[in-house]
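# Inside the fold
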Amino acid sequence: MKFKTAFISILFLLLSSCAGKAEVESTPTSVILEAADQPQVTVEAVVTPSPVPFQFNLPTPGAEPISGWRPPLYPVPWAVSPYDHFYFARPIAADNVNWPLAQYRYGGVFFAPNIIHTGVDIDAEMKAPILAAGPGTVLSADWGLYTGASGNINDPYGQAVVIRHDFGYQDKMLYTIYAHMSKIIAVAGQHVETGDVLGLVGDTGATTGPHLHFEVRLENNTFFSTVNPELWMAPPQGWGVLVGRLMDHHKKLLNQFQVQVRPEPSGIPIRTVMTYASGAVNLDAYYQENMVLSDLPAGIYKITFEYDDKQMQTWVEIFPGQVSYFTFEGGVGFNTDRPAVPTLEFVPKVLPFTPTPIP
Ligand SMILES: [Zn+2]
């Protein structure tokens, strides 16, 4: 850990000199702590990229200028840090688009001010096989997931499959949801293994184009029990996940703030991520985040956003297969101290199987 901290500090010193800062501390402290010493710094040298207009229609080709290539995924369950829980494989195979669409992340608002996105959208092609993200029992495979009315072809989820997994987290059941299928292949009551084909990508339900809407639900199989799938799907090998908690002067979460993340030193590609809207989102029990950006190759990243009419910036390092965490608090600055929670359970736990009637 000391080596890591020192390494970050060295990099920060280099980056600091690039940024033209006159003074750097000689004591090895973390990059974020140094940044926190200068809250609300206004950086005129940073060129604000021209804002990318928010897209409201699917699909959004070319919105995020990153290569479609991804390294192979880590095997699941994957949890390097004691607080991470990458238990699920991706529900789309690696020979297709199998990562979340940038503009349709968890916690976003796209269609109406009061409709929160409770999953991620994966822009795989029409009729691509949809795969079980983990072992479990198919609870339902039908129309009507949202409305509860079996066979309801007007249900916003379209044809959807629900899996109750064989393992849970902190004594809570885990479920995954696969929506908008063009064809359902799984059958209610069936036990599936990771990678089993559940159905085919489609555009049934409330969607303007074919894609997979994927949800992770914790404890209860309801619309209001979702968590961010980007914290539960194993990253590509050598890549990591950025998690942030952005707060104002009163420690209130900053909703729908546009945050830009760019790799150093190239600055390309710039990724834009919005903090969660308030509503039907659930924060991770440990991170209490309001921003997640997965699929980042390991390396140093610069994070910028506007707050109080000033440009805030800091740097974080992304490590292979791990979550990198930061907080921002108005009037205080950045920090990378992780929340201290001593009682979490860190491995998937097999829960006693209780047969329940399959509708
Ligand atoms: Zn969706």
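Please refer to the structure placed before this passage.
Overview of the structure.

### Comments concerning the overall build of the chain
A tally of helices and strands in the chain yields 2 helices and 19 strands. Put simply, the chain has 359 residues, and 41% of those count as buried. Restricting to contacts in the chain with at least 6 residues of sequence separation, those with at least 24 account for 66%.

### What about the sheet that holds strand β15 (residues 299-307)?
Spatially, 4 strands are ordered β13-β12-β15-β16 in an open sheet, and the strand pairing comes out antiparallel. Edge strands, defined here as strands with exactly one partner in the open sheet, are β13 (271-274) and β16 (310-318). Each adjacent strand pair in this sheet contributes to an overall mean axis angle of 25°, direction not counted. Here 9 bridges tie β15 to β16, and the two strands are oriented antiparallel to one another. Of the residues in β16, the one forming a bridge with Tyr 307 is Lys 310.

### Remarks on unusual backbone geometry
Here the bond from Val 76 into Pro 77 is cis, since omega is -5°, no more than 30 degrees from zero. Position of Pro 77 relative to the elements: it lies in the loop between α2 (31-36) and β1 (120-122). Despite not being glycine, Gln 170 has its phi angle at roughly 50°, a positive value. Summarising the element assignment, Gln 170 is placed in the loop between β4 (159-169) and β5 (172-181). Overall, the presence of 14 C-beta atoms within 10 Å leaves Gln 170 in the partly exposed class.

### Topic: the environment of Tyr 146
Relative to the assigned elements, Tyr 146 resides in the loop between β3 (136-142) and β4. We classify Tyr 146 as partly exposed; it has 17 C-beta atoms within 10 Å. On a C-alpha basis, the gap between Tyr 146 and Ala 160 in space is 9.6 Å, while along the polypeptide they are 14 residues apart. If we skip the residues at most four places from it in the chain, Tyr 146 touches Asp 155, Pro 156, Tyr 157 and Phe 223.

### Notes on the sheet that holds strand β11 (residues 239-247)
Taking strand neighbours across the sheet as the criterion, the 4 strands line up as β14-β11-β17-β18 in an open arrangement whose pairing is mixed. Taken across any chain shown, the strands that pair with only one partner, and hence form the sheet edges, are β14 (291-297) and β18 (333-335). On average, each strand axis in the sheet is tilted by 20° relative to the strand beside it, whichever way the strands run. As judged from the 5 bridges shared by β11 and β14, these two strands associate in the antiparallel manner. Paired with Trp 239 across the two strands is Pro 297, which belongs to β14.

### Quick look at the pairing of β15
The pairing of strand β12 (residues 258-263) with β15 spans 4 bridges and is antiparallel. Its bridge partner being in β15, Pro 263 is matched across the sheet by Tyr 301. The turn joining β15 and β16, which pair antiparallel and follow one another in sequence, is formed by 2 residues; a positive phi near 55° is taken by Asp 308.

### Topic: the nonpolar core
Proteins that are soluble and globular tend to have nonpolar side chains buried together. Judged by nonpolar contacts, the single largest core of 79 residues is most densely connected at Ala 160, Val 161, Tyr 178 and Leu 242. Among the elements that take part in this core, β5 stands out by supplying 6 residues, more than any other. Apart from residues no more than four positions distant in its own chain, Leu 242 is found in contact with Val 261, Leu 293, Leu 296, Tyr 301, Val 316, Ile 318 and Ser 324.

Criteria and cut-off values
- Residues numbered from 1 in each chain as written.
- Predicted model: local features only at pLDDT ≥ 70, side-chain atom pairs only at ≥ 80, totals over all residues.
- Helix = DSSP H or I, 4+ residues; strand = E, 2+ residues; numbered from the N terminus.
- Buried ≥ 20, exposed ≤ 12 C-beta atoms within 10 Å, placed from the backbone.
- Contact = placed C-beta atoms within 7 Å.
- Pairing = 2+ DSSP bridges.
- Axes fitted to C-alpha atoms, helices over the stretch in contact; angles between N-to-C directions.
- Core = buried A, V, L, I, M, F, W, Y, C linked by C-beta atoms within 7 Å.

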